[in-house]
Amino acid sequence: GAVVSQHPSRVICKSGTSVKIECRSLDFQATTMFWYRQFPKQSLMLMATSNEGSKATYEQGVEKDKFLINHASLTLSTLTVTSAHPEDSSFYICSAPGQGNTEAFFGQGTRLTVV
Amino acid sequence: AQTVTQSQPEMSVQEAETVTLSCTYDTSENNYYLFWYKQPPSRQMILVIRQEAYKQQNATENRFSVNFQKAAKSFSLKISDSQLGDTAMYFCAFMPTRIIQGAQKLVFGQGTRLTINP
């Protein structure tokens, strides 16, 4: 199957700093990518849809100024958590639809800890 | 809007037993895909099985099979001859084939934590 690579897998940052998470489709092009947040023992919550060449679409309740998304190319989407706070600590996962939009491929996820 | 419901937060069975995980969904769409994803402790999401709504035949993948009841909007996962490596969170997910708001989004259920005991 297709491969989606997400980096870093773990990151610890100080409160007030910004953190960038990258999501790359390695062997296919993705005009759309999805960013999820997952709290411990809970399901994946869709944060936003990243669109290559246009603005991201954010789900209700997600602060677009805090979670900046840039879809710079057909293989790369980035999520930047700005002015991070401890409550932003979570597991973030990206995914990209495969050819024909018949399934989704997921990155390995990023565990963010804000101290 | 689509919703996916998994009513079993946790399940536990002995190795080699058969276990069935439940999933129901609600949608007005006619064409869609249903998925079961496995999330082991590594937290990597792994596709277990996929069902296309227009196909009446239930999907099977080795020890994994589904019971897809379209009229009842039910999509259960049966794991036969369960193995220790099956221990994981299992998520049921729905995806419409029709593009809604520019993308075909996956909608996940709450998840079921499955433990296979030796």
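Our structure is the block above this text.
Residues numbered from 1 in each chain as written. Chains lettered and ligands numbered in written order. Predicted model: local features only at pLDDT ≥ 70, side-chain atom pairs only at ≥ 80, totals over all residues. Heavy atoms only, no water.

Undergrad: Honestly, the overall build of chain A in this entry has me stumped. Any pointers?
TA: Looking only at helices and strands, chain A features zero helices and eleven strands. Counted from the first residue to the last, chain A has its helices and strands arranged as β-β-β-β-β-β-β-β-β-β-β. For chain A, the C-alpha radius of gyration of 13 Å lies close to 13 Å, the compact-globule estimate for 115 residues. Its C-alpha atoms put chain A at 40 × 30 × 25 Å along the principal axes. Carbon and sulfur atoms make up 50% of the accessible area of chain A, which totals about 5,600 Å². The centroid of the 10 positive side-chain charges in chain A is displaced by 8 Å from the centroid of its 9 negative side-chain charges. (Helix = DSSP H or I, 4+ residues; strand = E, 2+ residues; numbered from the N terminus. Rg over C-alpha atoms; globule rule 2.2 N^0.38 Å. Areas by Shrake-Rupley, 256 points an atom, 1.4 Å probe, with all protein chains shown as cover. Lys, Arg positive; Asp, Glu negative; His and termini not counted. Charge placed at Lys NZ, Arg CZ, Asp CG, Glu CD.)

Undergrad: I would appreciate a short explanation of the overall build of chain B in the present structure.
TA: If you tally the helices and strands in chain B, you get zero helices and twelve strands. Along chain B, from the amino end to the carboxyl end, the secondary structure elements read β-β-β-β-β-β-β-β-β-β-β-β. Its C-alpha radius of gyration of 14 Å places chain B within 12% of the 13 Å reference for a compact globule of 118 residues. If you line up chain B on its principal axes, its C-alpha atoms span 45 × 30 × 20 Å. Counting the 118 residues in chain B, one finds 50% classified as buried. Of the contacts formed within chain B by residues at least 6 apart in sequence, a portion of 56% connects residues at least 24 apart. (Buried < 20%, exposed > 50% of the residue type's maximum accessible area, 1.4 Å probe, protein only. Contact = heavy atoms within 4.5 Å.)

Undergrad: When you look at the sheet that holds strand β1 (residues 4–7) of chain A in this model, what are you seeing that I'm missing?
TA: Strands belonging to one sheet form pairs held by backbone hydrogen bonds; the direction of such a pair is parallel or antiparallel. Residue and element names in this part refer to chain A. On the basis of which strands lie adjacent, the open sheet formed by four strands has the order β1-β3-β8-β7 and antiparallel pairing. Looking at which strands have only one partner, the edges of the open sheet turn out to be β1 and β7 (67–73). Averaged over all pairs of adjacent strands, the angle between strand axes in this sheet comes to 15 degrees, irrespective of strand direction. For strand β3 (residues 19–25) and strand β8 (residues 76–81), the ladder comprises six bridges, and the chain directions are antiparallel. Its bridge partner being in β8, V19 is matched across the sheet by V81. (Pairing = 2+ DSSP bridges. Axes fitted to C-alpha atoms, helices over the stretch in contact; angles between N-to-C directions.)

Undergrad: Before we go on, may I ask you to explain the state of the cysteines in this structure?
TA: Counting across every chain of the model gives two disulfides over all chains. Between C23 of chain A and C94 of chain A runs a disulfide, and the two sulfur atoms are separated by 2.0 Å. Its S-S torsion of about 85 degrees marks the bond between C23 of chain A and C94 of chain A as right-handed, since a negative value means left-handed. Separated by 71 residues along the polypeptide, C23 of chain A in strand β3 and C94 of chain A in strand β9 (residues 90–97) bring together distant segments of the chain. Of the two residues examined, C23 of chain A and C94 of chain A, each falls in the buried class. The side chain of C23 of chain B participates in a disulfide bridge whose partner is C92 of chain B; the two sulfur atoms lie 2.0 Å from each other. (Disulfide = S-S within 2.5 Å.)

Undergrad: How should the pairing of strand β10 (residues 88–96) of chain B be read in this particular structure?
TA: Every other side chain in a regular strand lies on the same face of the sheet, so the side chains alternate between the two faces. All names here are of chain B. In terms of burial, β10 is largely enclosed, as nine of its nine residues are buried. As defined by bridge partners, strand β5 (residues 32–39) adjoins β10 across eight bridges and the pair is classed as antiparallel. Following the sheet pairing, Y33 is matched in β10 by M95. Strand direction decides the pairing type here: β10 and strand β12 (residues 112–117), joined by three bridges, are antiparallel. The residue bridging M89 from the neighbouring strand is R113, located in β12. With two bridges connecting them, β10 and strand β11 (residues 107–108) associate as antiparallel partners. In the sheet register, A93 faces β11, and the bridge partner there is F108.

Undergrad: How do you make sense of the interface of chain A and chain B when you look at a structure like this?
TA: Between chain A and chain B, the residue contacts involve 22 residues of the former and 19 residues of the latter. Overall, the association of chain A and chain B removes approximately 1,800 Å² of surface from exposure, summing both partners, and the carbon and sulfur fraction of that is 51%. The largest share of the area that chain A buries against chain B comes from N101, T102 and F106 of chain A, three residues that together contribute 26% of it. At the junction of chain A and chain B, the tally comes to two salt bridges. Of the charged contacts in the structure, one is a salt bridge between R50 of chain B and E103 of chain A, with a shortest N-O distance of 3.2 Å. Viewed at the interface, chain B and chain A are joined by eight residue pairs in polar contact (both at pLDDT 80 or more). Of all the secondary structure elements, the ones that give two or more residues to the side of chain A that touches chain B are β4 (32–38), β5 (44–51), β9 and β10 (104–106) of chain A. (Buried area = accessible area lost by both parts, 1.4 Å probe. Salt bridge = Lys/Arg side-chain N within 4 Å of Asp/Glu carboxyl O. Polar contact = N/O pair within 3.5 Å; in protein donor to acceptor, adjacent residues only side chain to side chain.)

Any functional reading would require information beyond the geometric quantities listed.
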